[in-house]
Amino acid sequence: MTTYSKLVDVTVCTGCRACMVACKNWNDLPVETQAYSGGYQSHEKPTGKTWNVLQMKEHETANGGFEWLYRHSACYHCADAACEKVCPEGAITYGEFGSVDIDQEACVGCSYCVYNCPFDIVELADYVTEDGDVRQRAQKCTLCEDRLQEGLQPSCVDTCPLDAIVFGEREEMLKLAEERLEKAKQFFPNAQIYNPPGVGGTKMFYVLADKPSVYGLPENPEVPTSAVLWKDIAQPAGKALLGVTMMGVLTGYVTNKLFNKGEHHEEGGEVDESKHG
Amino acid sequence: MNQNTASKGKVKRFTKMFIYAHWIYAAAFFLLLLTGLPLFANSFHWVYAVFGGPDMTQIFHRIFAVIFVIPPIMLLLFDRKSLFHWLKEVLTWKPKDIKFFFMFPKEFLVGNPDMPKQGFYNPGEKLNSCMQIVSFFALVFSGLVLWFPEAFPVSVVQWSNLIHVVAFIMATTVVIGHIFLSAFHPNSKPSMEGITKGEISVDYAKHHHGEWYDELVEKGEVVEEDSKGA
């Protein structure tokens, strides 16, 4: 089956933030005012109300020069998504265009996904349910799946004036990333592709000008070990153990009914006389 | 009936405060289990409807969590004697306790007349208590982290998810056995009176807690003839 990906080549990004505006606009996201942090960057990181944030890092180059490191940050749409793994409601699923989708109607706001996302992307935010109630529900970038369904590109992709963000079939995007990397290496010797295998690769992946840590990205993001133990071992084993225990006591109940009468008389005659009249 | 001296043919086992603590703990445990189960198994989704939706269910879970920690505090404040007696008894393990577990399966299934003499608590009861103590602290501390996740490093929150589920499974497993033995097993069922009325029949004490019974006779709290007459 064809799968798709969003390639973000941060080496050609000029930090115009059109992707942020397009995202807010298309997804009808509310204003989110944050305290001024002293830099050019608008928000600290993506939130439940601001699904992509243009990160602006002031970076000192090897020879003492200054450069901006711009980075479009949003959900990475992991192929092996921790959020999908820990969701108890099955509200998080993989979409046909490579996205990791959250169904806010099925979400119960438990926030397991929030604290297990290796990239700190998912957050709870106000969501108006079908019944008209405002609830705290997990929200993040949808990869504009609604647009993809209609044959359109994600709004950030559509808007990017420099083709720093492109979307297409994964194979093509991986090839394109290699080409972009070759070009980037002429200016940035440390340039590399960021498509971390610890989460099965990401459907939003980068061509970075430098090491991931320089951008504040985890070098080897993984599905948390605790989440694997929890969902792949503790939960199924726990269900089995509780089931076996219930069966055990039911068996004990029946066998005692059938076979325990004689011995019980010997043991404590009148203790529960009513049973043995 | 709940005075210091037991009724005729009965022997005092638990104080009123200890009984209250037990049942408050039991009620809170059951309600916490109920309100937590839908996040564990989808077959318990009906619980959301009972408590007025998933968000209300989560709020109730926190209210029950507060009630859950009251019993030990209650005992610590008002009945330290019972609390420490219980702790001392259930934390004292002897090599012969292992023998009990080998003989227990038969007792569990069809009754075993050859069960060895037991103290105030038998090893099964001690195991139940010990596992409840461990799971209590695991549930309370991991639960606190999950209640206030912003106050902790994210890895602590992640491990708390795992600890909470493991502790709940452990606690629920022993609770199933505990309920069966105290309410449905013909041999041990009479012990229920101990945690409702506070006293059990001398006869039951003699047959199920022989060592404790001997102590009581020695102390003169029970007259040997009592059991025969009962």
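You'll find chain B entered in an unreviewed UniProt entry as Formate dehydrogenase subunit gamma, with Texcoconibacillus texcoconensis given as the organism. According to the UniProt record, the Subcellular location (unreviewed entry) comment for chain B reads "Cell membrane".

Per an unreviewed UniProt entry, chain A is named Formate dehydrogenase iron-sulfur subunit, and its organism is Texcoconibacillus texcoconensis. According to UniProt, the comment filed for chain A under the heading Subcellular location (unreviewed entry) is "Cell envelope".

Here the focus is the pattern of salt bridges. Tallied over the full model, the rule gives 13 salt bridges over all chains. A salt bridge links K85(A) to D232(A); the nearest nitrogen and oxygen atoms lie 3.1 Å apart. Taken together, the residues span a long stretch of sequence, with K85(A) in helix 2 (residues 82–86) and D232(A) in helix 7 (residues 225–259) at a distance of 147 residues. Judged by relative accessible area, D232(A) falls into the partly exposed class, the value being 42%. Here the salt bridges do not stand alone but share partners, grouping D133(A), R135(A), R137(A) and D55(B) into one network.

To continue, consider the pairing of strand 8 (residues 165–169) of chain A. Residues and elements named next belong to chain A. Across the 5 residues that make up strand 8, a large majority, 4, are buried. As paired elements, strand 1 (residues 4–9) and strand 8 share 5 bridges and run antiparallel to each other. Counterpart to V8 in the pairing with strand 8 is I165.

Residue and element names in this part refer to chain B. The domain architecture assigned to chain B consists of domain 1 (11–82) and domain 2 (107–217). In this assembly, 19 residues from domain 1 lie in contact with 30 residues from domain 2. Summing both partners gives a buried area of about 2000 Å² for domain 1 against domain 2, and 71% of it is carried by carbon and sulfur. On the domain 1 side of the interface with domain 2, the three residues burying the most area are V11, R13 and F29, jointly 37% of the side's total. Between the two partners, domain 1 and domain 2, sit 0 salt bridges. The interface formed by domain 1 and domain 2 includes 6 residue pairs in polar contact (both at pLDDT 80 or more). Mapped by element, the contributors of at least two residues to the side of domain 1 that touches domain 2 are strand 1 (10–12), helix 1 (16–36) and helix 3 (54–68). Among the elements that make up the side of domain 1 that touches domain 2, the one with the highest residue count is helix 1 (7 residues).

Here the focus is the packing of aromatic side chains. Applying the stated criterion to the full structure yields 33 aromatic pairs over all chains. Measuring from centroid to centroid gives 5.8 Å for Y76(A) and Y206(A), while their planes differ by 80°, and the two rings are edge-to-face. Placement of Y76(A) in the loop between strand 3 (66–73) and helix 2 and of Y206(A) in strand 10 (residues 204–208) is noted, with a sequence separation of 130 residues between them. Note on F60(B) and F64(B): the rings are 5.8 Å apart at their centroids and 20° apart in plane angle, and the pair reads as stacked. Taken together, the positions of F60(B) and F64(B), both in helix 3 and 4 residues apart, correspond to about one turn of that helix. We classify F64(B) as buried; its relative accessible area is 9%. Feature note: the residues F14(B), F18(B), W86(B), F120(B), Y121(B) and W212(B) constitute an aromatic cluster, connected by ring pairs. A cation over an aromatic ring shows up here: R147(A) above the ring of W26(A), its NZ or CZ 4.6 Å from the ring centre.

Calculation rules
Residues numbered from 1 in each chain as written. Chains lettered and ligands numbered in written order. Predicted model: local features only at pLDDT ≥ 70, side-chain atom pairs only at ≥ 80, totals over all residues. Heavy atoms only, no water. UniProt positions renumbered as here; feature names shortened; annotations may be inferred. Salt bridge = Lys/Arg side-chain N within 4 Å of Asp/Glu carboxyl O. Helix = DSSP H or I, 4+ residues; strand = E, 2+ residues; numbered from the N terminus. Buried < 20%, exposed > 50% of the residue type's maximum accessible area, 1.4 Å probe, protein only. Pairing = 2+ DSSP bridges. Domains from an automatic or database assignment. Contact = heavy atoms within 4.5 Å. Buried area = accessible area lost by both parts, 1.4 Å probe. Polar contact = N/O pair within 3.5 Å; in protein donor to acceptor, adjacent residues only side chain to side chain. Phe/Tyr/Trp six-rings, centres within 6.5 Å; stacked < 30°, edge-to-face > 60°. Lys NZ or Arg CZ within 6 Å of the ring centre and 35° of its normal.

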